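Single-letter residue listing:
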Amino acid sequence: MEINLEDIFQNKIDNEVKIEPRDWMPEKYRKTLIRQISQHAHSEIVGMLPEGNWITRAPNLRRKVALLAKVQDEAGHGLYLYSAAETLGMTRDEMYNELHTGKAKYSSIFNYPTLSWADMGAIGWLVDGAAIMNQVPLCRTSYGPYARAMVRVCKEESFHQRQGYEIMMSLCNGTPEQKTMAQDALNRWWWPSIMMFGPNDDNSPNSAQSMKWKIKRFSNDELRQKFIDVTIPQAELLGLTVPDKDLKWNEARGHYDFGIINWDEFNNVVAGNGPCNKQRLKARVDAWNNGEWVRDAANAYAQKRKNRVKSGQQAA
Ligand code: BYC
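Because the structure is predicted, anything quoted here is derived from the model rather than measured.

Draft legend 1. Structural view of the packing of helix H6 (residues 118-135) against helix H10 (residues 220-238). At a minimum axis separation of 10 Å, H6 and H10 run at an interaxial angle of 145 degrees. In this structure, H6 crosses over H10, and the sense of that crossing is right-handed. The residues of H10 that touch H6, namely those facing Trp125, Leu126, Gly129, Ala130, Met133 and Asn134, are Leu223, Lys226, Phe227, Val230, Thr231, Gln234, Ala235 and Leu238. Of the residues contributing to the contact of H6 with H10, the split by class is nine nonpolar, four polar and one charged.

Have a look at this one:
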């Protein structure tokens, strides 16, 4: 009897059995995962830049320590994710090369500037809040190494979201100028945050197949709606106004209705023409080039140790 590998694979997915690196998988599944996981890793690494910009200017030691820890967590997330993508057969150097040559995508959100300290609050609250909404279901994604990496990532994202909301809370309970800063940050970060979930479902070419393979558990629009529904009461608690005149609770749907997203802006940012795309890419390329001597030194040291062990073994 002929064994159909594709049927065995889909059967595992349907029965919630994780796919592991040595298992047979369709080539397109492997490619889709490499695409999504490497983009996700790049987003974490590039995502360090807008906040890293504020570490030296945090208003006090407590805020500085928390922000430093958050940015460091993001480096860790990037590294777990690169490791997960490597299990699918792409090397880290290849992934870096795709990022540095502008071939790889990373989240649109990190191409916006951080203009005031309040942006640290808005990013933690909204950007990490959106990330949690998208990433908690990824803890159940069908590929084992990705799902396991996401468990720790989500725990840390939850700390990030709280540190952001706490900054917003302090600003909103502070002076009128501080509250204005918080409102201004919300005005600038709201729409880019809801764009993070990606195009509408009827315009999302990868969704149908990724849902069938249980790489994605919810569609882009479902996650966006969930995010809006939980975030509006949080904005109300802060006493801030979400910058969307069409935002309205819809009793019949049991959800908030919201205005039309500016997809031209989204497409423009994804195409590399957002306010900070060039600056972000340059920062990563410079970091790679300036770090060459560190990589060379680490490799030379590793080689020296290897030679020493080899000559010790020969002498014995
Ligand atoms: N920005 O068919 P679709 C973080 C692309 S890091 C740029 O719906 P898919 C954090 C998409 O790649 C947050 N591009 O795609 C870090 C596709 O293009 P390609 C990152 C976007 O993959 C530091 C095309 O549009 N999170 O949280 O089914 C500090 C069509 O889209 C975007 C992840 O990466 C976008 N926003 O769904 C703070 C989570 N959206 O590849 C926080 C994992 C879409 O065909 N990723 N595109 O050329 C995912 O869940 C999915 O990949 C997405 C997109 C929902 C993002």
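Draft legend 2. Focus on unusual backbone geometry. You will see that Glu16, though not glycine, has its phi angle at about 60 degrees, which is positive. For Glu16, the location among the structural elements is in the loop between helix H1 (5-14) and helix H2 (27-46). On the accessibility criterion, Glu16 (44% relative accessible area) is partly exposed.

Draft legend 3. Highlighting the site of the ligand. Taken together, 33 residues are adjacent to the ligand, and Gln39, Lys105, Ser204, Lys216 and Asn220 come closest. Gln135 is positioned with one of its side-chain polar atoms (N or O) 3.3 Å from an oxygen atom of the ligand. Mapped onto the shell around the ligand, the elements with two or more residues apiece are H2, H6 and helix H11 (263-273). Ranked by the residues each element gives to the shell around the ligand, the list is headed by H2, at six residues.

Draft legend 4. Up close: the side chain of Glu51. Along the polypeptide, Glu51 turns up in helix H3 (residues 48-52). Residue Glu51 is classed as buried on the basis of its relative accessible area, which comes to 1%. Polar side-chain contacts of Glu51 include one of 2.7 Å to the side chain of Lys70. With residues near it in sequence (within four places) discarded, Glu51 still touches Leu67, Lys70, Val71, Glu74, Met120 and Ile123.

Draft legend 5. Seen up close, the nonpolar core. Among the nonpolar cores identified, the biggest contains 74 residues, and Tyr29, Ile37, Tyr143, Trp189, Trp190 and Phe227 are the most heavily contacted of them. Looking at this core, the element that brings in the most residues is H6, giving nine residues.

Draft legend 6. Seen up close, the environment of Asp229. Mapped onto the secondary structure, Asp229 falls in helix H10. Residue classification places Asp229 among the buried positions, given a relative accessible area of 16%. Linking Asp229 and Gly254, residues 25 residues apart in sequence, is a C-alpha distance of 9.2 Å. Ignoring anything within four residues of it in the chain, the contact list for Asp229 reads Gly254, His255 and Tyr256.

Draft legend 7. Quick look at the environment of Ser107. Here Ser107 shows up in the loop between helix H5 (92-100) and H6. For Ser107, a relative accessible area of 17% corresponds to the buried category. Each C-alpha atom, one on Ser107 and one on Gly47, is 8.3 Å from the other, the two residues being 60 residues apart in sequence. Leave out the neighbours within four places in its chain, and Ser107 touches Ser43 and Met196.

Draft legend 8. The packing of helix H7 (residues 144-172) against helix H8 (residues 176-195), seen in detail. Packing of H7 against H8 leaves a shortest axis separation of 7 Å and a crossing angle of 140 degrees. With respect to each other, H7 and H8 are oriented oblique. Packed against H7, whose contacting residues are Met168, Leu171 and Cys172, the element H8 presents Gln178, Lys179 and Ala182 at the interface. Grouping the amino acids of the contact of H7 with H8 by side-chain chemistry returns four nonpolar, one polar and one charged.

Draft legend 9. A look at the pattern of salt bridges. Inspection of the entire model under this criterion finds 20 salt bridges. In this structure, Lys103 engages Glu98 in a salt bridge whose closest nitrogen and oxygen atoms are separated by 3.0 Å. Taking relative accessible area as the criterion, Lys103 reaches 63% and is therefore assigned exposed. Taking relative accessible area as the criterion, Glu98 reaches 21% and is therefore assigned partly exposed. When the shortest N-O distance is used, the salt bridge between Asp257 and Arg253 registers 2.9 Å. One connected set of salt bridges, linked through shared partners, spans Glu51, Lys70, Glu74 and Asp128.

What counts as what
Within any chain, residue numbers begin from 1 and follow the written order of that chain's sequence. Where local features are concerned, this predicted model is filtered to residues with pLDDT of at least 70; where side-chain atom pairs are given and counted, the filter is 80 or more; whole-chain, interface and lining totals use all residues. To obtain the side-chain values, all non-hydrogen atoms of the structure were used and water was disregarded. An axis is simply a line fitted to the C-alpha atoms; with a helix, the fit covers only the stretch in contact. Between two such axes, the angle follows the N-to-C directions and lies from 0 to 180 degrees. Think of it this way: any DSSP run of H or I at least four residues long counts as a helix, any run of E at least two long counts as a strand, and we number them from the N terminus. Left-handed describes a crossing whose near helix is turned anticlockwise from the far helix by less than a right angle; the clockwise case is right-handed. Whether two residues are in contact is decided by their heavy atoms: any pair within 4.5 Å suffices. Residue type decides the class: Asp, Glu, Lys and Arg count as charged, Ala, Val, Leu, Ile, Met, Phe, Trp, Tyr, Cys and Pro as nonpolar, and the leftover types, Gly among them, as polar. Relative accessibility decides the category of a residue: with a 1.4 Å probe and only protein chains considered, values under 20% of the type maximum give buried, values over 50% give exposed, and everything between is partly exposed. In these notes, residues near a molecule or strand are those with any non-hydrogen atom within 4 Å of it. A 3.5 Å cut-off defines polar contacts: any pair of N or O atoms within that distance qualifies, except that in protein one atom must be a possible hydrogen donor and the other a possible acceptor, and neighbouring residues in sequence count only when both atoms are side-chain atoms. Among the buried residues, those of types Ala, Val, Leu, Ile, Met, Phe, Trp, Tyr and Cys that are joined through side-chain atoms within 4.5 Å form a nonpolar core. Reported orientations rely on four angle classes, namely roughly parallel under 35 degrees, roughly antiparallel over 145, roughly perpendicular from 65 to 115, and oblique for the rest. Should a side-chain nitrogen of Lys or Arg be within 4 Å of a carboxyl oxygen of Asp or Glu, the pair is scored as a salt bridge.

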